[in-house]
Amino acid sequence: MSRSDPLTQPGAEPPKPSEAKSGRAAQILRRLAAVAVLLALLSGAALFAALYTADAEFVAGAASRLLGQRVEIGRVTFHFGRRIELELEQVRVADAERPDGPPMLEVGRARGVQAWPRLLAGQYLPLDWTLEAPVLRIHTGATGSVDLSGLPRLGLHVTDGSVDVTTASGELWSLRSLELDARRAGFGTRVEGEGSARVSRGETPVSELALRFNAARDRTELRGTVAGLELASLPKSAVAPRGRGEGGFDLTLTGGALRGSVHLDVERFALQIPKFSGPVAPKTARVVADVDWRSGLLALELHPLELDDLVASGSVRIGSARNGRLVADLQLAPFEPAHRDRVSGLTFLALRFASWARVKSRIEAGVVENIHIAVDVPSVTAVESLSYDVPMPPTAFVLELRVRDGTYRPKPDDSALEHLQGELEIRGEVMDIRHMRMTHEGEPLPEINVHLDGMHRLVHLPDAEDHVVGGPGVPLEGLAPVGEALRAGEGQAKEPTVVHFEDLAIRLPQFMLPLRQAEGSMRFPDGGVAADPVRGVLGGAPAELSVLWSPVTERVDVDIHYLEGAAPGAPINGPRWLSGKLQFERLNLPDWPLSELRTRLTAERALVTLGGIEARLASGELKGSGHLDLSRKDKAPFDLDFDVSDFDPKPLCATFSFPPDSVTGRGYAKVRMSGALRPGGDFATEGTLDTKLILREGTVARLPVLVAIARVPSLRGVTGLLGTALPYKTVELDIALANGKLAISDAKLLGPELRMLGSGELDFSTPQRKTDVVVALLFLQTLDRMLDQVPIVRNVVLGEDKNLIAVYLRLQGPRDDLTVTPLPPATVQTIVGFASNAVVNGVKRLGRLIQPGGADAATPTPSSEKP
């Protein structure tokens, strides 16, 4: 057949293989099968011979070489059947480097099962084992971390097993009554099963554990429950928890990383934190969290953590490495702090700081909301950092929250502050309280804003000064009228009132912290108060602060900056709650030309004592003492005793409703006065005054016309009619102010042109300042012809020389429009409402002072004594 001929013809059947060829293929297959059977027989014979001749020492040696550890086996038994069974008794596996130490593994009886095909394929290690009462000992410091991916996939059934784990610190953890059923699946690449055990720490039970697992070469899944978890048995740490927990977990271990979720409920939970005054003990304690642990970093996502009213959601990361950090970003659910029997976010502050404990105990209503907490501190110093043992940067700790509908009672017997609302923010060392508003007895109070720099000093204030101890003990209702009285008229003042103070100590519960050894200055801008700058000891630590209250904006701004270093001095206790030295550059009191006022003040209960008062009054020197009563709501009563020497009476004319600048000279006075500071108060109509006044070497101007006429016979003649001022050598009088009326008694004026005696009163309670005064004019010369022309004049003969004539006048009416009426002496004594006898007797006394002779001889030398 040629090569071009087709192998088959179209439509023809394909050729059939020859019988010779098919016989050769079958022969080859038979021969291969025969070879395989022969090899299997030879392998089985060799295996049987090896197993038959193997003893315990041989198997132990083989296992030692396989495991790299020292293995001892008491007895080896093989059972042949459909599967081969290997039974080992008294198995001990010890560390080759520490052969005298306790064995790593002890098994009383172990039974391994292997299928014949696997044995024939060279897999001599049985993959399914049953262990009775095994004991496994692990030392984490010696073995390091366990790589589960390197373990063979075994089917394992364990009854009454034990696992002892000794940590690097020597602490023993145990699994007792271990029951395990692990089954191989997926052609031996995966093991799944379930187990249970009791966990102990030393001899102390910790928990009961049950789990299901699914382990592959690169992934292990664990799902189980814990019951009876005794938190007090857990390793000691910075915080000490107590309680009994129940919960579950669903975890996945991949490449050394652990991920999954846990949930745990704890009964009778209590958490003791260092430096807390007591444990955190909620009625409900529950946590649901996602867990991610890898390379020494534990990350928790809370869904949520619940401790009564503290319900926190967010993330927490804890690094266990040397430079690891604790990082948290949490949102807290709103809560009502008035529920004092329930744990809340405020509980942690109250247990850490005594001042917050007092605040918490006085809250009666309100809601705290919009709470955000962020933490970023080193893990190894987390407790110290969060306790502010050292200054913290702004990112280390952040707290933000808002308060609304609050009711706070400063003291049990005080009226509550209501409708309280505001915002709090803490960033590291800085705390800001913003837009805090409230009402008191239905009246809105100014908005309060506080900026504090130095939280690490604030939280570590000494116990003796971290809050106000004592204080007045009574309501200080008079503070408001005092402040308003001091600020009155400040806007119209030529110079603002400035008060300098030093060595000031004040303990008021409203201030929260006591202030001592303070110095600074105070002003009253726009009717408000500004204390800036102030330096002193606030709450037991040195600080700089400023306070500004503006009635225009209705807000109070407080700025506090704590300083480093120790505070000088010691805490102040006892009934005295206020002391210090004050100095006024200028005190703006209407109609009182007072300046350079200095005083030392102290206060107990509602009474303020002013000691060592020194001032300049109308250019004179003032010294005295007094008291101020702060118990009244509408006003602040005061009383003062002082002496004034060498003052100028001209600026005081308006004070006592005399014509402006009508009196000149130099004065001396001894004064006892009392009144009250209040808004819109008028001392002239409300105060009392008792004064002995002496004026010397001056003039009196703007006298009534008849007084000027009386000067005509004097040495100056007709110049007296020109309205010139009346000169005097001495003016003495007693002044008493009461019920709005100014009484003048025993008044006398001795001068070269005229001598006068007077007595009467001015009524300040009337708008016209009505006046009713009796005056005796004593002439210095006898002019009979002139007296003949004035029939109303009555001679008063004093002494043998008969050279003194007195004329009595009554001044009545409004101060600006007086009516002058001449009076005979007999009439003077019958005038009702005046001490007329004082005038008449004064004339007689004055007559005894006048020496016979000329005008020069008739003027006695004024006494140099001061009242």
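Each chain has its residues counted from 1, running along the sequence as written. For this predicted model, a pLDDT threshold of at least 70 governs which residues receive local features, and a threshold of 80 or more governs which side-chain atom pairs are given and counted, while totals over whole chains, interfaces and linings are taken from all residues. Only hydrogens and water are set aside when side-chain values are computed; all heavy atoms of the structure are taken into account.

Q: How would you explain unusual backbone geometry if you had to name every residue and give the values?
A: The omega torsion across His303 and Pro304 is -5 degrees, close enough to zero to call that bond cis. In DSSP terms, a helix is any run of H or I states spanning at least four residues, a strand is any run of E spanning at least two, and both are numbered starting from the N terminus. Counting through the fold element by element, Pro304 comes out in strand β14 (residues 297-307). In this structure, Pro533 follows Asp532 across a cis peptide bond, with omega equal to -5 degrees. Within the fold, Pro533 resides in strand β25 (residues 529-538). One non-glycine residue, Asp308, lies in positive phi territory at about 55 degrees. Tracing the sequence through the fold places Asp308 in the loop between β14 and β15 (310-319). Overall, Asp308 belongs to the buried group, its relative accessible area being 3%. When a residue's accessible area, from a 1.4 Å probe over protein chains only, is under 20% of the maximum for its type it is buried; when over 50% it is exposed; and in between it is partly exposed.

Q: So what about the pairing of strand β13 (residues 285-294)? Which residues, and what values?
A: As judged from the 9 bridges shared by strand β12 (residues 257-272) and β13, these two strands associate in the antiparallel manner. When the bridges of β13 are listed, Val262 appears paired with Ala289. Pairing of β13 with β14, which is carried by 9 bridges, proceeds in the antiparallel orientation. Paired with Asp292 across the bridge in β14 is Ala299. A pair of strands counts as paired when DSSP detects no fewer than two bridges linking them. A loop of 2 residues connects β13 with β14, the two strands running antiparallel in sequence, and Ser295 in this loop sits at a positive phi of about 50 degrees.

Q: So what about the pairing of strand β18 (residues 397-408)? Which residues, and what values?
A: Here strand β17 (residues 363-378) runs beside β18; their pairing, made up of 9 bridges, is antiparallel. Bridging from a neighbouring strand, Val368 pairs with Val403 of β18. Relative to strand β19 (residues 417-427), β18 is paired through 8 bridges, and the arrangement is antiparallel. Within the sheet, the bridge partner assigned to Tyr408 lies in β19 and is Leu417.

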